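The chain contents come next:
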Amino acid sequence: MTPAPAPLRVAILSFAHVHAASYVALLRDRPDIELLTADPDAATAPAGELRGAAFAAEHGAAYVDTYAEALAWRPDAVVVCSENSRHRDVVLAAAATGAHVLCEKPLATRVEDAEEMVAACAAAGVRLMTAYPVRFSPEFGTLRGLVASGALGTVLGGTGTNNGKVPAGRAWFTDPELAGGGALADHVVHLADLLDALLGEEPVAVRAVSNRVLYGGDPQVRAETGALVSITYAGGAEVVVDCSWSVPDGAPTWGGLTLQVVGTGGTVEIDPFAAHVGGLVAQGTRQAWLGFGENLDALMLEHFLGCVRTGETPGPDGQVGLRTLRVVAAAQRSAAEGGAVVRLGA
Amino acid sequence: MTAAEPSPALTVGLVGAGGIARAHAPAWRALGADLVVHSTDGAAELAAAHGGRVVAGLDELLDVADVVDVVTPTPTHLEVASAALAAGRHVLCEKPLGRTSRDAVAMLDAARAADRQLYPGHVVRFFPEYALMRQAVRSGEIGVPAVLRFARGGMFPAWSPWFADDAQSGGVVLDLMIHDLDLARWVAGEVTSVHATRRSLEEDGAPHTLAHVVLTHADGAISHVRGLWGAPHTTFRTSFHVAGDAGTLRFDSAEAAGVRSDLPPVPAGGQDRPAPAAGESPYLTEIREVARAFAASPTWLAPDDPHHPRVSAVDGVIAVEIAEAALASVASGESVALDTAARARALADLETTGSRA
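Residues numbered from 1 in each chain as written. Chains lettered and ligands numbered in written order. Predicted model: local features only at pLDDT ≥ 70, side-chain atom pairs only at ≥ 80, totals over all residues.

1. Side note on the nonpolar core
Counted only if it meets this: As used throughout, a nonpolar core is a set of buried Ala, Val, Leu, Ile, Met, Phe, Trp, Tyr and Cys residues joined through C-beta atoms within 7 Å of each other. Any residue whose C-beta has 12 or fewer other C-beta atoms within 10 Å is treated as exposed, any with 20 or more as buried, and any in between as partly exposed, C-beta atoms being built from the backbone. Any residue pair is listed as a contact if its two C-beta atoms, each placed from the backbone, are within 7 Å.
Among the nonpolar cores identified, the biggest contains 218 residues, and L13, V101, V188 and V229 of chain A together with A81, V213 and A323 of chain B are the most heavily contacted of them. Those residues in contact with V188 of chain A that lie beyond four places of it in its chain are V229, V241, C243, V327, V328 and A331 of chain A.

Structure (structure tokens):
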């Protein structure tokens with residue numbers, strides 16, 4: 001009998017991102033994982049947001065006060081959940097200790113930060129993966145298979161939507177400094193990642209318009225809330241993405257993501273968050289939404305940890321994190337310039 | 001009031017006998033009108049199918065018709081409509097009013113000079129799902145419109161060769177997407193900027209075109225309009241999603257059908273057409289409204305007249321101008337600035353001049 005492999009040491013660094021709770025829940029009780037957490041920036045969060053030691057206690061995770069202590073524990077891998085603008089420092093520190101990195105999206109708030117992170121991880125010989133969970137949805141797998149098999153013919157382009165409620169419970173999401181922008185930074189990257197994988201091509205032109213009509217009177221929301229991004233790919237595919245925070249607060253679910261791809265063979269549309277039981281509950285006053293799709297966070301973590309064990313390269317990797325951030329940066333520049341077309345590459 | 005209903009003796013001159021003629025003819029007949037038909041192709045079949053009479057040419061049609069319905073291919077609209085207006089006939093002209101904004105403006109000028117009524121056949125304004133959405137938006141149900149999406153598409157219209165010729169039809173942008181370009185303006189207001197992309201290619205002998213247009217509106221809203229002339233099996237489908245700061249409204253024809261069937265596919269090559277979500281044909285709704293306006297006045301009708309239809313000739317001209325800006329953006333790869341508010345004012349002044357002439 002071969003002995004069970006030693007448990008992997010995994011550190012969750014920061015509880016800033018709302019996904020931290022999901023990652024803790026998925027890793028906490030596994031016999032093959034030892035989990036440690038740290039959230040030193042908790043003090044910078046607004047009062048009322050559950051962070052730091054209190055968050056760790058609430059979710060039943062072992063906790064230390066600083067990243068230095070967490071990294072001194074020599075984790076095999078870290079999951080970086082800090083505010084977007086703080087990804088860089090955390091990732092560089094983790095890479096320096098030899099830990100493999102799964103980093104929340106977007107990889108950074110500035111392209112040069114992401115470039116530095118990718119280079120540092122490569123130099124340290126650690127894997128860098130970008131947290132794009134929709135990549136692991138079976139629906140996307142089906143779409144990818146249809147494109148790869150030629151069933152969709154030549155891809156003409158498509159339409160993507162990633163609409164959600166305005167992020168609540170974590171004020172930094174709507175702080176352009178910490179988040180790197182608003183709806184453009186938050187929601188374009190998922191579709192940019194799916195298209196990157198689907199087409200295997202670089203975007204050559206990006207054009208965006210944005211506005212702040214939604215939540216325009218909310219002083220907490222200081223970034224764009226509505227945007228349309230047009231992306232032209234090297235092979236000629238033309239895509240438009242609606243990345244608006246346009247799901248009303250009263251909606252029965254957070255939002256969703258759809259991708260419709262049009263080819264010469266026909267059209268395929270995926271809606272990875274569609275699986276649910278609906279209805280009216282609470283004396284018929286509230287819409288029910290009992291989602292039963294795959295737990296994409298779980299699939300993504302499983303892939304990452306599997307790669308950490310085997311030494312394989314996990315994907316979506318840091319390079320795609322960087323490429324998709326370039327799309328965001330171009331979209332932001334275009335929107336700031338009133339919809340001027342921004343050419344990429346060369 | 002009888003003045004608001006078409007006279008039973010109304011004779012409608014239908015110029016053209018293609019797909020749209022087949023939708024208009026039964027609507028006119030349902031309103032009790034007599035039909036005379038002139039077309040270079042298919043006039044006899046159309047007349048036989050709907051109880052009309054074929055006439056030998058446009059002159060004879062203009063002699064006997066009280067009003068004229070122009071349902072010819074786009075590049076001929078101006079010539080036919082101008083002849084009808086000059087002969088003193090009111091005109092319903094299928095969208096787009098013209099292949100170019102120059103043609104569309106010339107048609108408006110012709111109507112003004114003749115002091116006769118002219119309406120563009122922007123039938124989607126008469127589809128109940130769009131009319132109800134617009135009414136709800138206007139009454140504040142979603143608050144201030146922020147981000148709008150419109151999609152429309154079906155098989156490439158290979159049943160008539162002129163559609164595939166950009167020079168004649170303006171392609172998917174001018175022929176199909178003009179519906180949603182007009183709607184976006186109807187719902188979210190005047191337009192200040194247009195960006196568009198289009199990809200066309202032929203594979204295994206079948207043409208395909210996908211196009212996107214993004215509009216910026218004067219009040220800050222942004223709209224995405226997507227059009228598809230796709231693979232031969234493509235089911236015609238339309239959808240919208242309209243988000244404002246107080247709510248959203250959405251529709252998808254693929255989900256709204258009151259009849260859902262699981263039957264063998266229809267053989268390729270037929271012309272598909274959107275089925276109404278419910279109730280009467282939107283073409284009948286449209287033509288009833290136009291016929292009432294025609295009956296209400298022998299001359300030009302001011303847009304604020306209670307008998308004026310929900311779409312004006314100026315709306316038709318501006319829709320062509322937005323589509324033309326989109327085509328310019330496709331050609332240049334850049335955004336195109338537009339000021340439809342100023343255009344609407346300028347064209348309305350022409351109308352005023354016309355009605356007082």
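What follows continues from the structure just given.
2. As for the packing of helix α5 (residues 101-114) of chain B against helix α12 (residues 313-332) of chain B
All names here are of chain B. Quick note on the threshold: Inter-axis angles, ranging from 0 to 180 degrees, are taken between N-to-C directions of lines fitted to C-alpha atoms, where helices are fitted over the stretch in contact. For the purposes of this entry, the term helix denotes a DSSP run of H or I that reaches at least four residues, the term strand denotes a run of E that reaches at least two, and both are numbered from the N terminus. Our angle categories are set so that under 35 degrees counts as roughly parallel, over 145 as roughly antiparallel, 65 to 115 as roughly perpendicular, and the remainder as oblique. Each residue is assigned to one of three groups, with Ala, Val, Leu, Ile, Met, Phe, Trp, Tyr, Cys and Pro labelled nonpolar, Asp, Glu, Lys and Arg labelled charged, and all others, Gly among them, labelled polar.
It is at 9 Å that the axes of α5 and α12 come closest, and there the two elements cross at 170°. Comparing the axis directions of α5 and α12 gives the class roughly antiparallel. Contacts between α5 and α12 involve S101, A104, V105, L108 and A111 from the first element and A313, G316, V317, V320, E321 and E324 from the second. Looking at the contact of α5 with α12 residue by residue, the class counts come to seven nonpolar, two polar and two charged.

3. Some details on helix α6 (residues 128-138) of chain B
Residues and elements named next belong to chain B. For clarity, the threshold we go by: Read the arc as the range of directions from the helix axis to the C-beta atoms.
Within α6, the full set of buried residues consists of E129, Y130, M133 and V137. Seen along its axis, α6 keeps its buried residues to an arc of 95°; they face one direction. Of the exposed residues in α6, the ones pointing more than 90 degrees away from its buried face are Q135 and R138. Note on α6: the residue one or two positions beyond its end, G140, has a positive phi of about 90°.

4. Digging into the interface of chain B and chain A
Listed per partner, the contact involves 33 residues of chain B and 31 residues of chain A. A total of six residues in the side of chain B that touches chain A trace back to one element, the largest contributor, which is strand β8 (residues 191-203) of chain B. When the residues that make up the side of chain B that touches chain A are grouped by side-chain class, the tally is twelve nonpolar, 15 polar and six charged.

5. Remarks on the environment of R343 of chain A
Residues and elements named next belong to chain A. Here R343 shows up in strand β15 (residues 342-343). Looking at R343, the number of C-beta atoms within 10 Å reads 12, which means it is exposed. Each C-alpha atom, one on R343 and one on V206, is 6.5 Å from the other, the two residues being 137 residues apart in sequence. Other than its neighbours up to four places away in sequence, R343 contacts V204 and A205.

6. Looking at the environment of P248 of chain A
Along the chain, the position of P248 of chain A falls in the loop between β10 (238-242) and β11 (255-263). Judged by local crowding, P248 of chain A falls into the partly exposed class, with 16 C-beta atoms found within 10 Å. Residues P248 of chain A and I12 of chain A lie 236 residues apart in sequence; the distance between their C-alpha atoms is 31 Å. Setting aside residues no more than four positions away along its own chain, P248 of chain A makes contact with G247 and T248 of chain B.

7. Regarding the domain arrangement of chain A
Residues and elements named next belong to chain A. Quick note on the threshold: An automatic or database domain assignment supplies the residue ranges for each domain.
By domain assignment, chain A separates into domain 1 (8-126) and domain 2 (134-296 + 326-343). The gap between the C-alpha centroids of domain 1 and domain 2 is 25 Å. Each partner contributes to the interface: domain 1 provides eleven residues, whereas domain 2 provides 13 residues.

8. So, the sheet that holds strand β1 (residues 8-13) of chain A
Residue and element names in this part refer to chain A. For clarity, the threshold we go by: For two strands to be treated as a pair, DSSP must find no fewer than two bridges joining them.
The sheet built from six strands is open, its strands ordered β3-β2-β1-β4-β5-β6 with parallel pairing. Of all the strands in the sheet, just β3 (63-64) and β6 (128-130) have a single pairing partner and so form its edges. Pairing geometry for strand β5 (residues 100-103) and β6, over three bridges, is parallel. Bridging from a neighbouring strand, C103 pairs with T130 of β6. Sheet contacts for helix α1 (residues 19-27): β1, β2 (33-38) and β4 (77-80); angle to β1, the most-contacted strand, approximately 160°.

9. Remarks on the environment of I20 of chain B
All names here are of chain B. With respect to the helices, strands and loops of the structure, I20 is situated in helix α1 (residues 19-30). Sequence spacing of I20 and P73 is 53 residues, and the spatial spacing of their C-alpha atoms is 10.0 Å. Other than its neighbours up to four places away in sequence, I20 contacts V71 and E94.

10. What about the pairing of strand β9 (residues 206-217) of chain B?
Residues and elements named next belong to chain B. Of all twelve residues making up β9, ten are buried, and the element is well covered by its neighbours. Two elements, β8 and β9, share twelve bridges in a ladder whose sense is antiparallel. Opposite L201, over in β9, you have H208 as the bridge partner. Relative to strand β10 (residues 222-230), β9 runs antiparallel, the two being bridged by eight bridges. Residue A211 lies in a different strand from β10, and its bridge partner there is G227. Here β9 hands over to β10 after four residues, with G220 in that stretch at a positive phi of 105°.

11. Quick look at the domain arrangement of chain B
All names here are of chain B. Segmenting chain B into domains produces domain 1 (2-123 + 281-312 + 340-356) and domain 2 (125-256). Between the C-alpha centres of domain 1 and domain 2 the distance comes to 24 Å. With 17 residues of domain 1 in contact, the opposing surface of domain 2 contributes 17 residues. Those elements giving two or more residues to the side of domain 1 that touches domain 2 turn out to be α11 (282-296) and α13 (340-356). For the side of domain 1 that touches domain 2, the per-class residue count stands at eight nonpolar, five polar and four charged.

12. A word on the sheet that holds β10 of chain A
Residue and element names in this part refer to chain A. Strand order in the open sheet formed by seven strands is β12-β11-β7-β10-β9-β8-β15, and the pairing between neighbours is mixed. Each edge of the sheet is formed by a strand with only one pairing partner; in this case those strands are β12 (266-270) and β15. Packing of helix α6 (residues 138-148) onto the sheet brings it into contact with β7 (155-164), β11 and β12, and relative to β12 it is tilted by some 160°. Strands in contact with helix α10 (residues 318-336) are β8 (203-211), β9 (226-233) and β15; relative to β8, the strand with the most contacts, it is inclined by about 50°.

13. With respect to the packing of helix α4 (residues 87-96) of chain A against helix α5 (residues 111-124) of chain A
The axes of two packed helices give the description: the angle between them and the distance between them. Residues and elements named next belong to chain A. Orientation of α4 relative to α5, taken along the N-to-C sense of each, is 5°, at an axis distance of 9 Å. The angle between α4 and α5 places the two elements in the roughly parallel class. Residues R88, V91, L92, A95 and A96 of α4 touch α5, and the partners they reach there are D113, E116, M117, A120, C121 and A124. A breakdown of the residues in the contact of α4 with α5 according to their chemical character gives eight nonpolar, no polar and three charged.

14. Section: unusual backbone geometry
All names here are of chain A. In this structure, P106 follows K105 across a cis peptide bond, with omega equal to -15°. Among the structural elements, P106 can be located in the loop between β5 and α5. In the segment running from G315 into P316, the intervening peptide bond is cis, with an omega of 5°. Among the secondary structure elements, P316 is positioned in the loop between α9 (296-310) and α10. Of note, the phi angle at R74 is positive, near 55°, even though the residue is not glycine. Checked against the element boundaries, R74 lands in the loop between α3 (67-72) and β4. Take R74: there are 11 C-beta atoms within 10 Å of it, and that puts it in the exposed class.

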